[in-house]
Amino acid sequence: MMRGGSRLRWKFLFLYLIPVFSGLWIAGFFMSPDSGSFWRILFSFLIVAAFLILNLGISQMLMRPLGEIAEAVKRFTQGFFNWRIHLQHKKDELGELGSNLNLMAEAIQEKILWLSKNLAESQALLASMEEGVLVLDLKGRVQKINEAMETHVFSLSPADEGKHYLEVFRDPELNDLIQATLASKQGQRRSLSLLGQPGRFYHVQSSLIQDPGSGVGGVIVVFHDVTDLKRLERVRQEFVANVSHELRTPLTAIKGYVEALLDGGLGNSAQAEQFLKVIDRHASRMDKIVSDLLLLAELESPDWSLQKEAIPIPELIRSAVDALRPMAESKRQTLQLRIPPELTSIMGDGQKIHQVILNLLHNAINYTPEGGQISIEARADPPGVEFSISDTGIGIPAEDLHRIFERFYRVDKGRSRELGGTGLGLSIVKHIVEAHGGRVSVLSKLGQGSRFSFFLP
């Protein structure tokens, strides 16, 4: 390094001394008494020309690397960090400066590539998140919103970036959370139901962004959509309440009649027999509720799977009809079967599909008055088979049709309990059919009857 520095200093020394020597030579020439000699004049001009040429050469030697360095610095300021200075042959300070600038450009280029990769990963992560993400600076201006925030949480656009959050959001609870975070410099957690999104619930959490240099750099707000969790929690609460209510009614009746028997009812054999029949009826109802609950639990279990086999369609339907025919005959109802001869078999879980037909047929018999008609039909509906059970019963009000497949939902609660229904039969039907990849539907008019259909592929 000292040797290179010495060379560069000698170059600059020659660059400054050459004009001095040239001036001194010319001055000495004109002050000399025999300055008029032709050969002396010619020699003097040759000496001065040589000095000037040497000066020009040394200037070019210095200006060329300086110009290359200046051009490289200009390229670096424009972002072209792949530009390089080719002064490796120079062994002075200019060569060392060029090498250091090249190393600096390589380091900056690697840093930019690393930052670009991290930025791309962060943007991909934000874009793939189902949660809405909002980033604010310490003045409350929107810095970043992800796709979920734009489309699902609020109707926002990139044009909203840079605006103050009070200009963007019109929700008092959300604005209060952001204001509390900015004021206290502490994260906040709240459950909010945002304006403009009725029925949707969010768990909103704010956190501070830590800047390694200046400390707190901003605020990030994450919106977790907990609507489904709220709905499931409500379903769970309703389910527990319904089960408790359904079991309490027969238990109360059983307990009451048992107490009556213990208080002397056993002495009257006719009355005791009547009480025992009531106890048996309510115990059977409890057994049916528990059996249906266990079946639903089995159907919803992740470990449960269909036991598929070839099921003969005529035998499947006739087996269910024969099981419930005495119940229909007791009400003088007519059962009609329509099964085309070309329908032979279908792949599925025979036991579960048999349960579907039993549940639908049992409902049809229960809710059809005496002397009514019930028809069971199967027809080809490529790429599968559609089964339907129609009745001339009391029908279902239009406002109840969309809820009848919910567990424990009853159109006429008093009549359903009187008939021994658990409110779980149609829910079981829907679970089994959908587990087979099928669909279930209903058409009904109040006072004119109902038609339940299910399709199996």
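See the structure shown above.
To start, this report covers the structure provided alongside it. Remember, it's a predicted structure, so these values are computed and weren't measured experimentally.

**Quick look at the packing of aromatic side chains**
- Considering all chains together, one arrives at three aromatic pairs under this definition.
- Aromatic side chains Phe 387 and Phe 454 sit 4.9 Å apart centroid to centroid with 10 degrees between the ring planes, which places their arrangement in the stacked category. You can see Phe 387 sitting in strand 10 (residues 384–391) and its partner Phe 454 sitting in strand 12 (residues 449–456), a full 67 residues away along the chain. Like Phe 387, the residue Phe 454 is buried in the burial classification.

**Looking at the pattern of salt bridges**
- Enumeration over the complete set of coordinates arrives at eleven salt bridges.
- Salt-bridge contacts for Asp 137 lead to Arg 141; the nearest nitrogen and oxygen are separated by 3.1 Å.
- The shortest N-O distance in the salt bridge between Arg 332 and Glu 370 comes to 2.8 Å. On the criterion of sequence distance, the pair formed by Arg 332 in the loop between helix 9 (313–330) and strand 7 (334–338) and Glu 370 in the loop between helix 10 (350–366) and strand 9 (373–381) is long-range, its members being 38 residues apart.
- Under the relative-accessibility criterion, Arg 332 is labelled exposed at 56%.
- Residue class for Glu 370 comes out exposed when judged on its relative accessible area of 52%.

**Looking at helix 6 (residues 172–184)**
- The terminal C-alpha atoms of helix 6 lie 18 Å apart, and with 13 residues this matches the ideal 18 Å at 1.5 Å per residue to within 8%.
- For helix 6, every residue scored as buried is listed here: Leu 174, Asn 175, Leu 177, Ile 178, Thr 181 and Leu 182. Projected onto a plane normal to the axis of helix 6, the buried residues spread over an arc of 155 degrees and lie on a single side. Exposed side chains of helix 6 directed beyond 90 degrees from the buried face belong to Pro 172 and Ala 183.
- Taking the backbone nitrogen of Glu 173 as reference, a side-chain oxygen 3.1 Å away marks Asp 171 as the first, capping residue of helix 6.
- After helix 6 finishes, the residue Lys 185 shows a positive phi value of roughly 55 degrees.

**Details of helix 7 (residues 227–262)**
- With 36 residues, helix 7 extends 52 Å between its outermost C-alpha atoms, agreeing within 8% with the 52 Å of an ideal straight helix rising 1.5 Å per residue.
- Those residues of helix 7 lying buried are Thr 227, Val 243, Glu 246, Pro 250, Ala 253, Ile 254 and Leu 261.

**Points about the nonpolar core**
- With 47 residues, the main nonpolar core has Leu 361 and Phe 454 as its most contacted residues.
- Ranked by residue count, the leading element in this core is helix 10, at eight residues.
- Aside from chain neighbours lying at most four places away, what touches Phe 454 is Val 356, Ile 357, Leu 360, Val 385, Glu 386, Phe 387, Val 433, Arg 439 and Val 440.
- Counting residues in each nonpolar core, the second largest holds 22 residues, with Ile 145, Met 149, Phe 169 and Leu 182 among its members.

What counts and how
Residues numbered from 1 in each chain as written. Predicted model: local features only at pLDDT ≥ 70, side-chain atom pairs only at ≥ 80, totals over all residues. Heavy atoms only, no water. Phe/Tyr/Trp six-rings, centres within 6.5 Å; stacked < 30°, edge-to-face > 60°. Helix = DSSP H or I, 4+ residues; strand = E, 2+ residues; numbered from the N terminus. Buried < 20%, exposed > 50% of the residue type's maximum accessible area, 1.4 Å probe, protein only. Salt bridge = Lys/Arg side-chain N within 4 Å of Asp/Glu carboxyl O. Expected span 1.5 Å × (residues − 1). Arc of directions from axis to C-beta. Polar contact = N/O pair within 3.5 Å; in protein donor to acceptor, adjacent residues only side chain to side chain. Core = buried A, V, L, I, M, F, W, Y, C linked by side-chain atoms within 4.5 Å. Contact = heavy atoms within 4.5 Å.

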